[in-house]
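# Remarks on the overall topology
So the chains spell out like this:
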Amino acid sequence: MGCRLCCIALLFTLCFAADPYVNFELDYSYITVSPLGVPQQVIAVNGKFPGPVLNVTTNYNVVVNVKNKLDENLLVTWPGIQMRRSSWQDGVLGTNCPIPAKWNFTYQFQVKDQIGSFFYSPSLNLQRASGGFGSFIITNRNIIPIPFSPPDGDIVIIIGDWYTRDHKALRKDLDAGKQLGMPDGVLINGKGPFRYNTTYVPDGIDYETINVNPGKTYRVRVHNVGVSTCLNFRIQNHNLLLVETEGYYTSQQNYTSVDIHVGQSYTFLVTMDQNASSDYYIVASPRFVNQSLWQKVTGVAVLHYSNSKGKAAGPLPDPPNDAYDTSYALNQAMSIRQNVSASGARPNPQGSFHYGQINVTDVYLLKSVPPVVIDGKLRATYNGISFKNPETPIRLADVYHVKGDYKLDFPTKPMNRPPKVDTSLINATYKGFIEVILQNNDTVAQSFHMDGYSFFVVGMGFGEWTDNNRGSYNRWDAIFRSTTQVFPGGWTAIMASLDNVGVWNLRAENLDRWYLGQETYMRIINPEDHSNKTELPVPSNALYCGALASKQKPQKTSSATTIFRSSEMYLTFMLVLSAVISLLC
């Protein structure tokens, strides 16, 4: 009996020693579409624009083989996916060598203790302005309850401003010192606007239709993957019950419309409780711009009930009427709070982490201003530094002792000196608790993103931040997310616990500002980790470039195939071993 119990215990230990694997193939290539009535080349994923939805479950190991069939380098990044202990998989230039044209690279990471709505996209050279993006959804494990009734269906909506010029043309404009100008429209799921107005919308444009059934409640996941425009999202005559944003459950509140800034993701519950006398408008319209000039830059899709009696008609539902009320948008942003009584990806309540009682170890004030000319080139800055990516990715340079690749001297506040181009990093404190104040003295609304982490959005305001503003911080239920807005002429304060070793990108999600250098990195190293337990080693399939280019071998076979076969071998081994154990017992 004792032997049998030991065998059963050993079998269970072996069977549950590793979390499941899920495999994806993503082919990046060009296709021609006409979302705004003008044929243009876009970046498709698996022949689709937008790309496919990637569905995984909490704690799964994710293997994504990316095939670069473009005519230029490519990297794919995963905003909000924390890549615990493995910034090697983050997909930005400071951590990865680019995937050359006609090559492939396999990302392998675990979605450890995460749930929620995210997206994937290219990170190089404004490529996201031409597509290459798709939704990335992490569902909860069955044993962990969700803080609402299971919805009757899931709907993914990808919104974003759009130019009929491709990313290469936009890049040339920025390189020539020009601004990108007003977008040509707003797309919803890669399609142009429904012809709600014959003046603004030409005939023959293909628009998105969302089919629903009356009386049902749907989980609607919305991502803004655009270039630089905040969009107000609304569904005519329907309430949006906000339940999650970028991996964390929110206190549940109804909104008639929500501002979704570039790079942000939101999840709503929407109940189809109308009488379906006609279809309804789904609208994504620009914010913080001159509305009279931007009339044509509006995305419109159609919500179609199965028992609908006619097409949507009449004027669009109104956007917020706050042109002279700067507090409206700020109050809405600060009304989004953490659901501190709900379980997240783990059984413990999300709010059990008492961030408001932790002593701050490091404070950084990152100030942005309108782009300036540095050494004859238009550049964007934080604290007067426009970031130049190193020739060799930062942690690779550390591991292989490449000298002079970067400097750990990023200033904690704006310096009284001319702006400059530099490869300057934040030397962050491992297990420290950092406060970052984002001061936006630029003329446009900005989004700020932190890779490798989520952070608490503890405060926002207009004007110049001062120490006195700390008195207004939310130290109990601030929302925990990875991308936040910073209003023009205003500030946003965030806090984060730095327990994830690696090198992590801090950036403006506005693609033009990011391309012009408004970013830096936090380098977080455990000084006591001499056995390398808090960071995963360099992946066996790592690409090499810069000072390490001689280490790169010609590519022969798909590394995803190798990984997939090894996982198949592991499962086969487990089955054989379990059979042997059963015989022994």
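For the structure, see preceding data.
Below is a short write-up of the structure. (Residues numbered from 1 in each chain as written. Predicted model: local features only at pLDDT ≥ 70, side-chain atom pairs only at ≥ 80, totals over all residues. Heavy atoms only, no water.)

Turning our attention to the nonpolar core. Residues Tyr28, Trp78, Tyr107, Phe136, Phe448 and Met522 are the most contacted members of the largest nonpolar core, which totals 103 residues. The residues contacting Phe136, other than those within four sequence positions of it, are Leu54, Val56, Val62, Trp78, Ile81, Phe109, Val111, Gly116, Ser117, Phe118, Phe119 and Tyr120. Leu126, Leu180, Val227 and Trp514 belong to the second-largest nonpolar core, a separate cluster that totals 19 residues. (Core = buried A, V, L, I, M, F, W, Y, C linked by side-chain atoms within 4.5 Å. Buried < 20%, exposed > 50% of the residue type's maximum accessible area, 1.4 Å probe, protein only. Contact = heavy atoms within 4.5 Å.)

Looking now at the state of the cysteines. Within the structure shown, the criterion is met by one disulfide. The partner cysteine of Cys97 in its disulfide is Cys545, sulfur to sulfur 2.1 Å. In this structure, the disulfide formed by Cys97 and Cys545 twists by about -85 degrees around the S-S bond and is classed as left-handed. Residue Cys97 is located in the loop between β5 (76–77) and β6 (104–110), and its partner Cys545 is located in the loop between β33 (519–524) and α6 (559–584); the two are separated by 448 residues in the primary sequence. The exposure class of Cys97 is buried, given its relative accessible area of 4%. Look at Cys545 and you get buried, because its relative accessible area is 17%. (Disulfide = S-S within 2.5 Å. Helix = DSSP H or I, 4+ residues; strand = E, 2+ residues; numbered from the N terminus.)

Relative to the helices and strands, Leu425 is located in the loop between β24 (420–422) and β25 (426–427). Once residues within four sequence positions are removed from consideration, Leu425 is found in contact with Phe387, Ile394, Tyr406, Lys407, Leu408, Asp409, Phe410, Thr520, Tyr521 and Arg523.

What follows covers the sheet that holds strand β12 (residues 217–224). Reading across the sheet, the six strands line up as β10-β9-β12-β17-β14-β15 and stay open at both edges, with mixed pairing between neighbours. The open sheet terminates on both sides in strands that have one partner only, identified here as β10 (185–188) and β15 (248–255). Across this sheet, the average inter-strand angle for adjacent strands is 25 degrees, counted without regard to direction. Bridge count for β12 against strand β17 (residues 265–271) is seven bridges, and the pairing is antiparallel. Bridging across to β17, Val222 finds its partner in Tyr266. (Pairing = 2+ DSSP bridges. Axes fitted to C-alpha atoms, helices over the stretch in contact; angles between N-to-C directions.)

Here the focus is the pairing of strand β18 (residues 280–286). Of all seven residues that make up β18, seven are buried, and the element is covered over most of its length. Where strand β13 (residues 231–235) and β18 come together, five bridges link them in antiparallel fashion. Its bridge partner lying in β18, Phe233 is registered against Ala284. Judged from the five bridges that link them, β18 and strand β19 (residues 299–305) form a sheet pairing that is antiparallel. In the sheet register, Tyr281 faces β19, and the bridge partner there is Val302.

On to the sheet that holds strand β27 (residues 446–450). Neighbouring strands of a sheet are bound in pairs by backbone hydrogen bonds; such pairs are parallel or else antiparallel. One open sheet holds the five strands; their spatial order is β25-β33-β32-β27-β30, and the pairing between them is mixed. What marks the edges here is a single partner per strand, and that holds for β25 and β30 (483–486). Two elements, β25 and β33, share two bridges in a ladder whose sense is parallel. Residue pairing for β33: Asn427 is matched across the bridge by Arg523.

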